[in-house]
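A closer look at the structure
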Amino acid sequence: MSRKTERFPVETANSLWHIYKTVPFWKVMKNFIIIQLARYTPWPRLKNWLYRTFLKMKVGEETAVALMVMMDIMFPEKISIGRNTIIGYNTTILAHEYLIKEYRLGDVVIGDEVMIGANTTILPGVTIGSGAIVSAGTLVHKDVAPGTFVGGNPMRVIRSVTSQPEEER
């Protein structure tokens, strides 16, 4: 299954060489400052407010983003995180990828009550369903079904969780 990304071919040098033709310089600078503040902020409410207010991200109530999480610096508005979700330490969430002959953009949708372990990388165009668990150090390169426990590199299903989150029972 391929990720849901939109492709933009480039004609000359690699796509990263043309970065400021794809995203304004001042947007990147503002996003960089806000993301760095949020990475070191120990207060989840302040962190979520920074994400919602300045980066236009959708972040659900009672979601906790751990220390050092790196949100996409160029297109954070393409990231949506549900309620009561935990994003583990030093996780990277990307909504873009710059390649030699093209760049790609894709929404990242993380459901409600998702647990993402530390040092995980989530690639653009991925949906992680509600109630899913992603083990530490996983490369999330494709969708994760709701209630599924995944891990590894390459990511694989460890087990399918049959129980529903508390509120859905």
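These lines cover the structure that appears in this document, whether it is placed above or below.

So, on to the overall build of the protein. Scanning the protein from terminus to terminus reveals three helices and 17 strands. Over its C-alpha trace the protein gives a radius of gyration of 16 Å, about what one expects of a compact globule, namely 15 Å for 169 residues. With respect to the three principal axes, the spread of C-alpha positions in the protein is 55 × 35 × 25 Å. In the protein, the share of contacts with a sequence separation of at least 24, taken over all contacts with a separation of at least 6, comes to 38%. Put simply, the protein shows about 9,100 Å² of open surface, and 60% of that area lies on carbon and sulfur atoms. Computing the positive centroid from 20 side-chain charges and the negative centroid from 15, the protein places the two 5 Å apart.

Within the element layout of this structure, Ala-38 appears in helix α2 (residues 25-40). Under the relative-accessibility criterion, Ala-38 is labelled buried at 0%. Filtering out sequence-adjacent residues up to four positions away, Ala-38 remains in contact with Lys-47, Leu-50 and Tyr-51.

The three strands lie next to each other as β1-β9-β8, forming an open sheet whose pairing is antiparallel. In the strand order of this sheet, the two ends are held by β1 (6-9) and β8 (96-98), each with one partner. Across the sheet, the mean angle from the axis of one strand to that of its neighbour is 15 degrees, orientation sign disregarded. Here three bridges tie β8 to strand β9 (residues 102-105), and the two strands are oriented antiparallel to one another. Of the residues in β9, the one forming a bridge with Glu-97 is Arg-104.

Glancing now at the sheet that holds strand β7 (residues 92-93). Pairing is parallel across the open sheet formed by four strands, whose spatial order is β4-β7-β12-β15. The strands lining the two open edges of the sheet, one partner per strand, are β4 (70-71) and β15 (139-140). Here strand β12 (residues 121-122) runs beside β15; their pairing, made up of two bridges, is parallel. Note that in β15 the partner of Ile-122 across the bridge is Val-140.

The next point concerns the pairing of strand β17 (residues 156-160). Of all five residues that make up β17, zero are buried, and the element is exposed over most of its length. Looking at chain direction, strand β16 (residues 148-151) and β17 are connected through four bridges and run antiparallel. Bridge pairing in β17 places Thr-148 opposite Ser-160. Here β16 folds back onto β17, and the loop between the two strands holds four residues, one of which, Gly-152, carries a positive phi near 95 degrees.

Soluble globular proteins: nonpolar side chains tend toward being buried together. Core analysis: the biggest nonpolar cluster contains 40 residues, and Met-71, Ile-110, Ile-122 and Ile-128 have the highest contact counts within it. Among the elements of the structure, α2, α3 (44-55), β4, β5 (79-81), β9 and β10 (108-110) are those that each provide at least two residues to this core. Tallying contributions element by element places α2 first for this core, with four residues.

Below, the discussion takes up the pattern of salt bridges. A full pass over the atoms with the stated rule returns ten salt bridges. Residues Glu-102 and Arg-7 are paired through a salt bridge, measuring 3.4 Å at the closest nitrogen-oxygen approach. One end of the pair, Glu-102, is in strand β9; the other, Arg-7, is in strand β1, with 95 residues separating them in the sequence. With relative accessibility at 14%, the residue Glu-102 sits in the buried group. Ionic pairing is found between Glu-97 and Arg-104, a salt bridge with its closest N-O pair at 3.3 Å. A residue is classified by how much of its surface remains accessible, and Glu-97, at 13% relative accessible area, is buried. Taken together, the shared-partner salt bridges in this structure form one network comprising Arg-3, Arg-7, Glu-97, Glu-102 and Arg-104.

Quick notes on the rules
- Residues numbered from 1 in each chain as written.
- Predicted model: local features only at pLDDT ≥ 70, side-chain atom pairs only at ≥ 80, totals over all residues.
- Heavy atoms only, no water.
- Helix = DSSP H or I, 4+ residues; strand = E, 2+ residues; numbered from the N terminus.
- Rg over C-alpha atoms; globule rule 2.2 N^0.38 Å.
- Contact = heavy atoms within 4.5 Å.
- Areas by Shrake-Rupley, 256 points an atom, 1.4 Å probe, with all protein chains shown as cover.
- Lys, Arg positive; Asp, Glu negative; His and termini not counted.
- Charge placed at Lys NZ, Arg CZ, Asp CG, Glu CD.
- Buried < 20%, exposed > 50% of the residue type's maximum accessible area, 1.4 Å probe, protein only.
- Pairing = 2+ DSSP bridges.
- Axes fitted to C-alpha atoms, helices over the stretch in contact; angles between N-to-C directions.
- Core = buried A, V, L, I, M, F, W, Y, C linked by side-chain atoms within 4.5 Å.
- Salt bridge = Lys/Arg side-chain N within 4 Å of Asp/Glu carboxyl O.

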